[in-house]
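Read off the chains here:
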Amino acid sequence: MSTIGTATVTISELREFASFTACEQRYIRRSLDVGLGRQDAFKLWARDAAEAGSIRQQYAAYGALKVLRKLRPDDSGFDDLESVMGKLMSMAAFDLAQDSIGSFSAFRFLYERLLGAWVRPWLPGAFCGAAALPQIHPERRKLLLHSISEAAATAQGWSEREPSFYPEWIEKEAA
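Summarised in this report is the structure supplied together with it. (Residues numbered from 1 in each chain as written. Predicted model: local features only at pLDDT ≥ 70, side-chain atom pairs only at ≥ 80, totals over all residues. Heavy atoms only, no water.)

To continue, consider the packing of helix 6 (residues 81–97) against helix 8 (residues 123–131). It is at 8 Å that the axes of helix 6 and helix 8 come closest, and there the two elements cross at 55°. Comparing the axis directions of helix 6 and helix 8 gives the class oblique. Seen from above, helix 6 lies across helix 8 with right-handed handedness. Across the interface between the two elements, M85, L88, M89, A92, A93 and L96 from helix 6 touch L123, G125, A126, F127, G129, A130 and A131 from helix 8. The class makeup of the residues in the contact of helix 6 with helix 8 is eleven nonpolar, two polar and no charged. (Axes fitted to C-alpha atoms, helices over the stretch in contact; angles between N-to-C directions. Helix = DSSP H or I, 4+ residues; strand = E, 2+ residues; numbered from the N terminus. Parallel < 35°, antiparallel > 145°, perpendicular 65-115°, else oblique. Left-handed = near helix turned anticlockwise from the far one by under 90°. Contact = heavy atoms within 4.5 Å. Nonpolar A, V, L, I, M, F, W, Y, C, P; charged D, E, K, R; others polar.)

Encoded structure:
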């Protein structure tokens, strides 16, 4: 019975990923390669010098992942607020400024995989904070902030289930 439940969850995650734009899907896969160290992101994702520069900046921005993974803070206290939200918002601002993530759901999908289920309570605040920064163009800011549902912004609890689907690069011949 647990296999059926796991398969259902994985299918749900596959469907969610399929609902993202092609640009969001590409950016999520690239970001997972950078953040999880799965493959050489430069070799796989850099189509030109500008994209290679963006990947270089992303490696620097994602340097905070190691610290965040060790923190795993308590979401009811304020002890870790500055250390968690500062790093998380900085990474989120980088990702949102790339103009490849266009919705809270794509952002949440990515960050759940980069950090794990524990980060879910922190994501609405990090997303809204990063999306509201002056570095994000006002029209884009409006679109991003409208993409988060009231339910996501005001959730009383979050699932502790870890994600099961991690999208990867697929060679065209293999597909």
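In this structure, D99 takes a positive phi of about 60° despite not being glycine. Mapping D99 onto the fold places it in the loop between helix 6 and helix 7 (104–115).

Because an α-helix completes one turn every 3.6 residues, residues spaced three or four positions apart along the sequence face the same direction. Restricting attention to buried positions, one finds in helix 5 (residues 64–71) the residues A64, L65 and L68. Taken down its axis, helix 5 places every buried residue within 95° of arc, on the same side. Of the exposed residues in helix 5, the ones pointing more than 90 degrees away from its buried face are K66 and K70. Where helix 5 is buried, its residues touch helix 2 (22–36), helix 4 (49–61), helix 6 and helix 7. A positive backbone phi angle near 40° is found at R72, which sits one or two residues after helix 5. (Buried < 20%, exposed > 50% of the residue type's maximum accessible area, 1.4 Å probe, protein only. Arc of directions from axis to C-beta.)

This part takes up the packing of aromatic side chains. Throughout the structure, instances matching the rule amount to ten aromatic pairs. On the basis of an interplanar angle of 85° and a centroid distance of 6.2 Å, the ring pair of F17 and F20 is categorised as edge-to-face. Both residues of the pair, F17 and F20, belong to the buried class. Taken together through their ring pairs, the aromatic side chains of F17, F20, F109 and F165 make up a single cluster. Over the ring of F109 we find R113, and its NZ or CZ is 3.6 Å from the ring centre. We note R113 situated over the ring of Y166; from NZ or CZ to the ring centre the distance is 5.9 Å. (Phe/Tyr/Trp six-rings, centres within 6.5 Å; stacked < 30°, edge-to-face > 60°. Lys NZ or Arg CZ within 6 Å of the ring centre and 35° of its normal.)

A word on the pattern of salt bridges. Summed over the entire model, instances satisfying the criterion amount to eleven salt bridges. Note that R113 and E112 form a salt bridge whose closest N and O atoms lie 3.5 Å from each other. With respect to burial, R113 and E112 carry one shared label: buried. One salt bridge connects R120 with E112, and the closest N-O pair in it is separated by 2.7 Å. E112 shares its class with R120; the two are buried. Salt bridges sharing partners connect three or more residues here, namely E13, E16, R108, E112, R113, R120 and R161. (Salt bridge = Lys/Arg side-chain N within 4 Å of Asp/Glu carboxyl O.)

Moving on, we come to the side chain of R140. Mapping R140 onto the fold places it in helix 9 (residues 138–146). You can call R140 buried: its relative accessible area is 17%. Reaching out from R140, the side chain makes a polar contact with the backbone oxygen of L96 at a distance of 3.0 Å. A distance of 2.5 Å separates a polar atom in the side chain of R140 from the backbone oxygen of I101. With residues up to four places along the chain from it excluded, the contact list for R140 reads L96, D99, S100, I101 and G102. (Polar contact = N/O pair within 3.5 Å; in protein donor to acceptor, adjacent residues only side chain to side chain.)

Tracing the sequence through the fold places R161 in the segment after helix 10 (150–153). R161 sits in the partly exposed class, given a relative accessible area of 37%. Sequence separation between R161 and W118 is 43 residues, and the spatial gap between their C-alpha atoms is 9.0 Å. Every residue in contact with R161, bar those within four places of it in the chain, is listed here: V9, E13, A117 and R120. Polar side-chain contacts of R161 include one of 2.8 Å to the side chain of E13.

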